Amino acid sequence: IEYDTADIVILTAIFAATIAYFTKGTLWGKPKDLFADVAHTNGSAKAGKTRDFVKKMAESDRNAIFFYGSQTGTAEDYASRLAKEGHARFGLRTIVADIEDYDFENLDTFPSDHLAFFLLATYGEGEPTDNAVEFYEFLSGDEPQFSEGASAEEKPLQNLKYVTFGLGNNTYEHYNAMVRRIDGWLTKLGATRYGSAGEGDDGAGTMEEDFLAWKEEMWQVVCKEMGLDEREAVYEPILKITEDESLSPESDTVYLGEPNKNHLEGKAKGPYNSHNPFIAPIAKSSELFSVKDRNCLHMEIDISGSGLSYTTGDHIAIWPTNSGKETDRILNVLGLGEKRHSVIRVEALDSTSKVPFPSPTTYDAVIRYHVEINGLVSRQFVASLAPFAPSDKAKAELVRLGGDKDAFAEEISSRYLNIAQVLEMLAPGQTWSAIPFSLIVEGLTRVQPRYYSISSSSVVQKDHIAITAVVESIRLPGSKHILKGVTTNYLLALKQKQHGDPNPDPHGLTYNITGPRNKYDGIHVPIHVRHSNFKLPSNPEKPIIMIGPGTGVAPFRAFVQERAALAAKGEKVGKTLLFFGCRNSNEDFLYKDEWPEYSSKLGDSFKLVTAFSREGPKKVYVQHRLQEHADEVNELLKAGAYIYVCGDAAHMARDVNATFGRIIAEKRGQTEAQGEEIVKRMRSSNQYQEDVW
Ligand code: FAD
């Protein structure tokens, strides 16, 4: 390709603006031990062993470390992008680090000319993400014990220079609590922050734009404080991907989607966890309702013999597979359709980087099992593809969209396009074969398991985990494009297969339903279990009030199932009051046939209050019914009732919280502020629990 001067100016700008995108692989690879067999050019697996990050930085000659506390992969993505950008634009020698891989006792020995970045998501009720719990607990104590023994009052972290950004959701009460607390503790211990403590808001849908705006200012401060000059950035892949013609997909060392070596060798074994899924049989599946374009699944997943266990209120994670339709789309648009089954080796080019999935593998397996190809497209990533566009026109469009956040929101994000659809739209009929595959792998996030609130009781069925999932299918008014949820459509296909359809294709999507090397045949799905704090009171005589519209009823089916079983055994069970809401009693009333059965066992102690939003002249929601039952609710609360709320975080959970505050205020002659304060106290003492998403 030949470029003229204007092109070079544009390309340089694009490189500079977007290079940050090319790093993700540095962080992926959590399951590193499981990949220990994987070929690495430079022993990166070994380099990852020490838990002393100061030593590791010294050994690998790095001066900036990017820690991430990530639950769904976004913080991890941001850490890798920033690290790449810091290196490409400012010459920082960077390393990306899963915060759980290191100990923090020696944070006080961090060299003063180095820089630590903390990209920290807040999870649930203002909690740290799973991988940041230890770090959080270490700093949260009154007197964290640092290696040189200085007390908190002596400001042991005076050498530490840091940068921080939080990922939160303003619809939750403890918005960005993690970054706020960590930032406060670090400052209190004497550390110096460069730039503002950034906050991204998923609730407002502005996470990516918040991040982009924050980081520009942050880099200015970092440059000034560290005396760095911006330089021309060039694309430096962190993964080397090469085709290996000596191997074929039939070779038994080639990963066709198996998550790790044990799975590849047919010797999968526990412990099963977020790094190592159990390939679980689906014992039963059905549709709780199926009206035009809306399905809701009930599935029972068999965990017997796996060593996995759950308790009522826990979550199950489902590891999805991308659909054949979207796998084909992206492979074709990248010009890889014909060689999709070629064997490739994926190696880290940098000793501190990790390979994000096992290798050798194939293009098909990488896309189908490991890369999130359907998700929201990032503006920065789109811009980064411009140098590889198949035409000047497509290149110009990428530059325009990459630089204009409003145009990008209108033309791409709000239309729910995925990355392959964007490429198809910008260069109809052409392939984008100049895009390095490494860039796709580094620039898109890794497929994440999706969580579901378990809808069965472990007391009643300890080996069968039930889930209740609405199949995501969203069509925008006036658009032909329908957004299809990755996991829920896969589950729907599994259900169809179980019911005799040999080639299920919900909504035109097909799936490699029998999994890599047919290992998921006989209707299996990869899963793990995540324990939660959403728990029934240990004393079943305590009254409970549950609010769960839609699939928010999932854990409450489990709660009621459990209490009914206890009652049937003759135990005394307290009042069990459930508020459930849906559109219509004949359409989407979940578990409609089961409630009378539970009621027969629980007698007067069970009460179901329904809100059917589309049945009356006015829309009625659960919070309205709650208000109507104010007297009863207040009496139960006085008797020590526990409150549980599950489902939609954005609106319902907030409205329900406010309604409880109002009920308490009204019924006890208090002000609204006092009512709210009482609810707040109930939340902090776990008498008010939420399981919202
Ligand atoms: P995805 O493919 O992940 O899409 C989900 C959403 O992402 C879309 O609706 C859309 O808003 C956005 N999106 C995706 N692609 C794009 C794009 N290209 N452009 C713009 N936006 C896009 N769900 C249940 O049904 N039942 C439960 O009991 C349940 N419990 C949960 C418990 C917890 C703790 C959590 C965190 C979530 C729970 N969920 C539950 C939600 C569930 O995890 C999934 O998010 C949901 O099923 C959708 O998954 P999916 O893979 O089908 O959709």
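Each value, and the rule that gives it
- Residues numbered from 1 in each chain as written.
- Predicted model: local features only at pLDDT ≥ 70, side-chain atom pairs only at ≥ 80, totals over all residues.
- Heavy atoms only, no water.
- Near = heavy atom within 4 Å.
- Polar contact = N/O pair within 3.5 Å; in protein donor to acceptor, adjacent residues only side chain to side chain.
- Areas by Shrake-Rupley, 256 points an atom, 1.4 Å probe, with all protein chains shown as cover.
- Helix = DSSP H or I, 4+ residues; strand = E, 2+ residues; numbered from the N terminus.
- Nonpolar A, V, L, I, M, F, W, Y, C, P; charged D, E, K, R; others polar.
- Contact = heavy atoms within 4.5 Å.
- Axes fitted to C-alpha atoms, helices over the stretch in contact; angles between N-to-C directions.
- Left-handed = near helix turned anticlockwise from the far one by under 90°.
- Buried < 20%, exposed > 50% of the residue type's maximum accessible area, 1.4 Å probe, protein only.
- Arc of directions from axis to C-beta.
- Pairing = 2+ DSSP bridges.

K.L.:
Give me the site of the ligand: which residues, what numbers.
P.N.:
Around the ligand, 24 residues are found, and the nearest of them are Tyr 451, Tyr 452, Glu 472, Thr 487 and Thr 488. Within the backbone of Gly 375, one N or O atom sits 3.2 Å away from a nitrogen atom of the ligand. Protein contact buries 81% of the 970 Å² of open area that the ligand shows by itself. Of all the elements in the fold, those that place two or more residues in the shell around the ligand are β14 (450-453), β15 (464-470) and α16 (486-498). Considering each element in turn, the shell around the ligand owes the most residues, four residues, to β14. Across the shell around the ligand, the residue classes tally to twelve nonpolar, ten polar and two charged.

K.L.:
Describe the environment of Trp 319, with residues and values.
P.N.:
Residue position: Trp 319 is located in the loop between β11 (315-318) and α9 (324-333). Not counting chain neighbours up to four residues away, the residues in contact with Trp 319 comprise Pro 259, Asn 273, Ser 274, His 275, Asn 276, Pro 277, Pro 449, Tyr 490, Pro 526, Ile 527 and His 528. A polar side-chain atom of Trp 319 sits 3.0 Å from a polar atom in the side chain of His 528.

K.L.:
Which residues make up the packing of helix α4 (residues 74-90) against helix α7 (residues 207-226), and what values go with them?
P.N.:
Their axes nearest at 12 Å, the elements α4 and α7 cross at an angle of 35°. The element α4 and its partner α7 pack so that their crossing is right-handed. The residues of α7 that touch α4, namely those facing Tyr 78, Arg 81, Leu 82, Glu 85, Gly 86, Arg 89 and Phe 90, are Met 207, Glu 208, Phe 211, Leu 212, Trp 214, Lys 215, Glu 216, Met 218, Trp 219 and Cys 223. Split by residue class, the contact of α4 with α7 holds ten nonpolar, one polar and six charged.

K.L.:
Let's hear about helix α20 (residues 630-638): which residues, and what values?
P.N.:
Residues of α20 that are buried include every one of Ala 630, Val 633, Asn 634, Leu 636 and Leu 637, and no others. Buried residues of α20 fall within an arc of 160° about the axis and therefore sit on the same side. Exposed side chains of α20 directed beyond 90 degrees from the buried face belong to Asp 631 and Lys 638. On its buried face, α20 sits against β19 (544-547), β20 (576-582), α19 (622-628), β22 (642-647), α21 (652-667) and α22 (672-684). After α20 finishes, the residue Gly 640 shows a positive phi value of roughly 90°.

K.L.:
Which residues make up the sheet that holds strand β10 (residues 294-302), and what values do they have?
P.N.:
Sheet architecture is open: six strands sit in the order β14-β11-β18-β9-β10-β15, paired in antiparallel fashion. The open sheet has two edge strands with one neighbour each: β14 and β15. Each adjacent strand pair in this sheet contributes to an overall mean axis angle of 40°, direction not counted. With eight bridges joining them, strand β9 (residues 278-291) and β10 adopt antiparallel strand pairing. Of the residues in β10, the one forming a bridge with Ser 285 is Met 299. Against the sheet, α16 engages β9, β10, β11, β14, β15 and β18 (524-530), with an angle of about 90° to β9.

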